[in-house]
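# Coordinate inspection notes
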Amino acid sequence: MPTLLQINITANWGSHGKIAEGLGKEAIAHGWKSYIAYGRWLNPSKSAIYHIGNNFDEAIHIVGSRLLDNHGLMSSLPTKKLISFIEKIKPDIIHLHNIHGYYLNYSILFDYLAKINIPVVWTLHDCWTFTGHCAHYMFVGCDKWQTHCNDCPLKSNYPRSIWKDNSERNFELKRKKFLSVKNLALVPVSKWLEGDLKKSFFKKANIHQIYNGINTDIFQPSENASFIVKQKYNIPSDNKIILGVASNWYRKGLHDFISLRTKLDMSYTIILVGLTPKVIKTLPSGIIGIQRTENINELVNLYSAANVYFNPTWEDNFPTTNIEAMSCGTPVVVYNTGGCAETINKSTGIVVDKGNLVEAKKHIMEICSNDFGELSEACRQNVVDNYKEETCYNNYLRLYNSLVK
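Attention here is on the structure that accompanies the text.

Cut-offs applied
For every chain, the first residue of the written sequence is number 1, and numbering continues from 1 onward in sequence order. Predicted model: local features are reported for residues with pLDDT of at least 70 only, side-chain atom pairs are reported and counted for 80 or more only, and whole-chain, interface and lining totals are derived from all residues. The basis for every side-chain value is the complete set of non-hydrogen atoms in the structure, without hydrogens or water. Numbering goes from the N terminus for both helices and strands, where a helix is a DSSP run of H or I of at least four residues and a strand is a run of E of at least two. Note: two strands are recorded as paired if DSSP finds a minimum of 2 bridges between them. Contacts between residues were defined by any pair of non-hydrogen atoms, one from each residue, lying within 4.5 Å. Lines fitted to the C-alpha atoms define the axes, with helices restricted to the stretch that makes contact. Angles between their N-to-C directions range from 0 to 180 degrees. Pairs of N or O atoms are called polar contacts if they sit within 3.5 Å, as long as, within protein, a hydrogen donor faces a hydrogen acceptor (for residues adjacent in sequence, only side-chain-to-side-chain pairs).

What follows covers unusual backbone geometry. A cis amide bond links Tyr158 to the next residue, Pro159, at an omega of -10°. Examined against the element boundaries, Pro159 turns out to sit in the loop between strand S5 (120-124) and helix H5 (167-178). In this model, Asn224 sits at a positive phi of 65°, which is unusual for a non-glycine residue. By the element assignment, Asn224 lies in the loop between strand S7 (206-207) and helix H7 (225-232).

Right under this line is the structure:
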């Protein structure tokens, strides 16, 4: 029986944690043993769970990152214990997801991975892997990562450093350590990220682009959703609903929604999911704020009730919220950010330039005035045809099988 070990900051929590969970379940269904090693935040899992480090280790790692720009270079003891765990379970595949997040020492881990003959798959959910500091660079338009990072313009951004700038050293160390693993397959989750990956120091690496998928049996149009949502939030029955969803609204377009609100009359209601109580209190009339929810049925109702899903993110890779909305039959208007445009066609939504709220408003109003039933069917079919989680997991299993000798 082959064994899969996945390593991620979370276990069955958040978008990439749930992707790892689903992949583990699919591996189990195909006769594999499945383990997930995680740093913090978990929900119950079908895989066997291993916790890397503890709160104290995390706190020390955060201090090192804040002062010395040492992100990913602390947590030595937890990483050595993880290696002992790897030696114990003897996996046939080690699948990395987000190894940043104040819980792991990548230098120690990759020194070990370079010595053993175990295939490594690494899914890239952001850009941290090939930069000297940041997880995303598109907001400031930085392209130093294509040659050599230094004098980082995003030093104060995640993973924040308030004093030292070690981006030049970090870039060189990442390049050395990550390229030392010969049996490494990189999986960018969008064509956009694949393109940038091929401009980085990974240009000669083994790259396999695989889109994230979703459960289309869960995310599907919900009957009476409009009535349920409008009654719950006291929305007039003839109002149009514009929905936005994010687990973290940092650079995801909150200010664009607030600006959009001023450009629409009160026959439109904006609902935003994933806000903090503090932010909710500041929202203008006509915007309903909801805290992050783990209640999938509630989220499906919101997607299904919306006339349009608007994603004005300024920094992203491949947001699954776009396909979750479409799977529930809701057309999408997105900024041309990262891989956002890759899921959209002329029958399912509109792509506009970042910050162009005039165009966004025009297309939002057009979608709200169109035959919703026809658009809804096209959106749903697009996801069923291209972004089902079974397709995603099967692509990974094929990759696993091609690597295991």
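After presenting the structure, the write-up continues.
Here we come to the sheet that holds strand S2 (residues 33-38). Within the open sheet, the 7 strands sit side by side as S3-S2-S1-S4-S5-S6-S7. Their pairing is parallel. Taken across any chain shown, the strands that pair with only one partner, and hence form the sheet edges, are strand S3 (48-51) and S7. As paired strands, strand S1 (residues 3-8) and strand S4 (residues 93-96) are joined by 4 bridges and run parallel to one another. For Leu5, the partnering residue across the bridge sits in S4 and is Ile94. Contacts between helix H3 (residues 76-89) and the sheet are confined to S1, S2, S3 and S4, with S1 contributing the most and set at about 165° to the helix.

This next bit is on the environment of Asn157. With respect to the helices, strands and loops of the structure, Asn157 is situated in the loop between S5 and H5. For the pair Asn157 and His133, spaced 24 residues apart in sequence, the C-alpha separation works out to 8.8 Å. Apart from residues lying up to four places away in sequence, Asn157 is in contact with His133, Tyr250 and Arg251. Engagement of the side chain of Asn157 in a polar contact is seen with the side chain of Tyr250, the distance being 2.3 Å.

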